[in-house]
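Per-entry structural report
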Amino acid sequence: MKQYKGTICIIAGFFMMLCLGAVYSWSVFRTPIERHFQINSLLSGLPYMTSLVFYSVFMVLTGENRTKLPFKMWMYIGAFLISAGWILSAFSTHIATLTLLYGCMVGAGVGIMYGIPMLLVAQWFPKLKGVMVGLVLAGFGVSPLISAPVARALIVNKGIMPTFLYIGIAFAVLLPLLSSLMDSPDTASAPVQGQPVELSEIQVPSHDMLKLPSFRQLYICYFLGTAIGLTMIGLSYPVGVEYLQASPQSIAWMISLFAICNGLGRPFFGWFTDRFSPISSMRLSFGLIVSASLLMLIFRENSLVVFGLSFCVFWFNLGGWLALAPAATLRFYGVLHFSQNYGFLFTAYGAGALFGVLASGFLKDWLGHYQGIFWFVLVLAFLGILFSRRLAQDQT
């Protein structure tokens, strides 16, 4: 019976993440939104950027207050905010209203729900925390493969604003249903793997974790890994079309392949972290990034195959960091305070996104080409190797 409940938790968590990951499909909405509201590209990105900010903020807030409500109540609150945000967005008459409803409500709902499935599967599978968390998070990574085509078809056939309504109604049904299937193991009895949840391990509360040198090194490594990944994801299309002079159709097809790599990176790095250590996973990730950057610098614009291989690695590693970081948090600081601890660590994701996008945009405008960005990524990867070595020293 326990094996069955643990498996159901993983499956429900995967499909829940599939729904939450629809925020990564915002690019499908941007051009129709610009036409509908008669706005520019900067304004059309506001709902998405706002959703990422609220996503990371509410990760922290929910983690700090997780014990004040049952976990299912948190999930139902998050499901309500997400579905209500999508539904109410359909009635927006201005980009500011859409930013408030989609950006704030949906982003907050995603932040509330995001950490709970990871915590539950870590409790069910104490010896396989990394790989199980990675399997659940794979749903978030591959979500655009499903949510983007569905949204595009709805926009074409129903219009941009009704699309928000239909997606919101679907989430209003799916998210509460999936939340009802989630369950936590009875810590007084044996979970799936035949032993109690590992509360005998080191359990570090957030106020102590934030003072540790190891947390600062882990934060920097996560910041560097996500800065690289988010920068290269954002540049995938322009590098392919402008730098390589490839057709938009071929690059669009390759981006679908990249999204699959992003999804696969999560369970792989979760498994690798379980099998070896978070430090080994970080060194592998930064080493792969160095190799991909050098390939792009050596071959430059001469090879679409090299571009595909390199950007598969970049996307794969971003997915990997989104499994590696929670697995490292569990390994270093325990499961008891995971929601709070990972919430604080996750702010590195937002900081990495802001730094990476602004720095790469500045370099492109200043240098007038993309080669400088690959040198920039190479430097960040070597810094990551350096800080991962310092983290290893802090852990010994």
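Above this text you will find the structure in question.
Reference entry: report on the structure contained in this document. (Residues numbered from 1 in each chain as written. Predicted model: local features only at pLDDT ≥ 70, side-chain atom pairs only at ≥ 80, totals over all residues. Heavy atoms only, no water.)

Attention shifts here to a nonpolar patch on the surface. A surface patch of nonpolar side chains, about 640 Å² in accessible area, is lined by Leu145, Ile146, Val150, Trp253, Leu257, Ile260 and Leu264. Looking at the nonpolar patch, the elements that each hand over two or more residues are α7 (129-158) and α11 (248-275). The element best represented in the nonpolar patch is α11, accounting for 4 residues. Considering the arrangement of structural elements, one finds Val150 in helix α7. A relative accessible area of 43% places Val150 in the partly exposed class. (Patch = residues over 30% accessible without salt bridge, like charges linked within 9 Å, V, L, I, M, F, W, Y side chains within 5 Å. Areas by Shrake-Rupley, 256 points an atom, 1.4 Å probe, with all protein chains shown as cover. Salt bridge = Lys/Arg side-chain N within 4 Å of Asp/Glu carboxyl O. Helix = DSSP H or I, 4+ residues; strand = E, 2+ residues; numbered from the N terminus. Buried < 20%, exposed > 50% of the residue type's maximum accessible area, 1.4 Å probe, protein only.)

Turning to the packing of helix α13 (residues 304-333) against helix α14 (residues 338-367), a few remarks are in order. One way to put it is that α13 packs onto α14 with a least axis distance of 10 Å and a crossing angle of 140 degrees. Put simply, α13 runs oblique to α14. Read as a crossing pair, α13 and α14 show a hand that is right-handed. Seen from α13, the contacting residues are Leu322, Ala325, Pro326, Thr329, Leu330 and Tyr333; seen from α14, they are Phe338, Asn341, Tyr342, Leu345, Phe346 and Tyr349. Grouping the constituent residues of the contact of α13 with α14 by class yields 10 nonpolar, 2 polar and no charged. (Axes fitted to C-alpha atoms, helices over the stretch in contact; angles between N-to-C directions. Parallel < 35°, antiparallel > 145°, perpendicular 65-115°, else oblique. Left-handed = near helix turned anticlockwise from the far one by under 90°. Contact = heavy atoms within 4.5 Å. Nonpolar A, V, L, I, M, F, W, Y, C, P; charged D, E, K, R; others polar.)

So, about the layout of surface pockets. In this structure, the second largest pocket occupies an estimated 320 Å³ of space. Contributing to the lining of the second largest pocket are 19 residues, with Cys19, Ile146, Ser147, Phe171 and Leu174 lying nearest its centre. Every element with two or more residues in the lining of the second largest pocket is listed here: α1 (2-20), α7 and α8 (160-181). (1 Å grid on protein atoms, 1.4 Å probe; cavity = no way out; pocket = protein on both sides within 12 Å on 5 of 7 lines; lining within 4 Å. Points joined across faces, edges and corners; volume = space filled by probe spheres on them.)

One can describe the packing of helix α5 (residues 71-89) onto helix α6 (residues 95-124) by two numbers: an axis separation of 8 Å at closest approach and a directional angle of 150 degrees. Overall, the two elements α5 and α6 adopt an arrangement that is roughly antiparallel. The handedness of the crossing between α5 and α6 comes out as left-handed. When the residues that make up the contact of α5 with α6 are grouped by side-chain class, the tally is 21 nonpolar, 4 polar and no charged.

On inspection of all chains with the given rule, the structure shows 1 cavity of 30 Å³ or more. Here the largest cavity is characterised by a volume of approximately 80 Å³. If you trace the largest cavity, you find it lined by Met59, Thr62, Gly63, Arg66, Gly111, Ile112, Gly115, Ile116, Met118, Phe338, Ser339 and Tyr342. For the lining of the largest cavity, the secondary structure elements donating two or more residues are α4 (46-64), α6 and α14. Looking at the lining of the largest cavity element by element, the count peaks at 5 residues for α6. Here the lining of the largest cavity is composed, by residue class, of 6 nonpolar, 5 polar and 1 charged.

The next point concerns the packing of aromatic side chains. Counted according to the given criterion, the structure contains 42 aromatic pairs. Ring centres 5.6 Å apart and planes at 40 degrees place the aromatic pair Trp86 and Phe164 in the tilted group. Here Trp86, found in helix α5, pairs with Phe164, found in helix α8; they are 78 residues apart in sequence, far enough to count as distant. In this structure, Trp86 and Phe164 share a single accessibility class: buried. In this structure an aromatic cluster arises from ring pairing among Tyr55, Tyr114, Phe140, Tyr222, Phe286, Trp321, Phe338, Tyr342, Phe346 and Tyr349. Taking the ring centre of Phe276 as reference, the NZ or CZ of Arg275 above it sits at 5.0 Å. (Phe/Tyr/Trp six-rings, centres within 6.5 Å; stacked < 30°, edge-to-face > 60°. Lys NZ or Arg CZ within 6 Å of the ring centre and 35° of its normal.)

Following the sequence through the fold, Phe374 ends up in helix α15 (residues 371-395). Among the residues examined, Phe374 registers a relative accessible area of 1% and is labelled buried. What Phe374 contacts, discounting residues up to four positions off in sequence, is Met232, Val239, Tyr243, Ser293, Met296, Leu297, Phe311 and Phe314.

With that out of the way, let us pick up unusual backbone geometry. As a rule of thumb, non-glycine residues mostly have phi less than zero, and peptide bonds are mostly trans rather than cis. Positive phi, close to 55 degrees, is recorded for Gln38, a residue that is not glycine. In this structure, Gln38 sits in the loop between α2 (27-37) and α3 (41-44). Taking the relative accessible area as the measure of exposure, Gln38 reaches 67% and is therefore exposed. You will see that Gln245, though not glycine, has its phi angle at about 60 degrees, which is positive. With respect to the helices and strands, Gln245 occurs in the loop between α10 (213-243) and α11. Judged by relative accessible area, which is 64%, Gln245 ranks as exposed.

The next subject is the pattern of salt bridges. The final tally for this structure, using the stated rule, is 1 salt bridge. In this structure, Asp183 and Lys5 form a salt bridge, with 4.0 Å as the shortest nitrogen-oxygen distance. With Asp183 in the loop between α8 and α9 (206-209) and Lys5 in helix α1, the pair connects residues that are 178 residues apart, well separated along the chain. Judged by relative accessible area, Asp183 falls into the partly exposed class, the value being 28%.

Moving on, we get to the environment of Ser89. Structurally, the position occupied by Ser89 is in helix α5. Considering only alpha carbons, one finds Ser89 and Leu101, 12 residues apart in sequence, at a separation of 5.7 Å. Residues contacting Ser89, with those up to four places away along its chain left out, are Leu98, Leu101, Tyr102, Met161 and Phe164. A distance of 3.4 Å separates a polar atom in the side chain of Ser89 from the backbone nitrogen of Tyr102. (Polar contact = N/O pair within 3.5 Å; in protein donor to acceptor, adjacent residues only side chain to side chain.)

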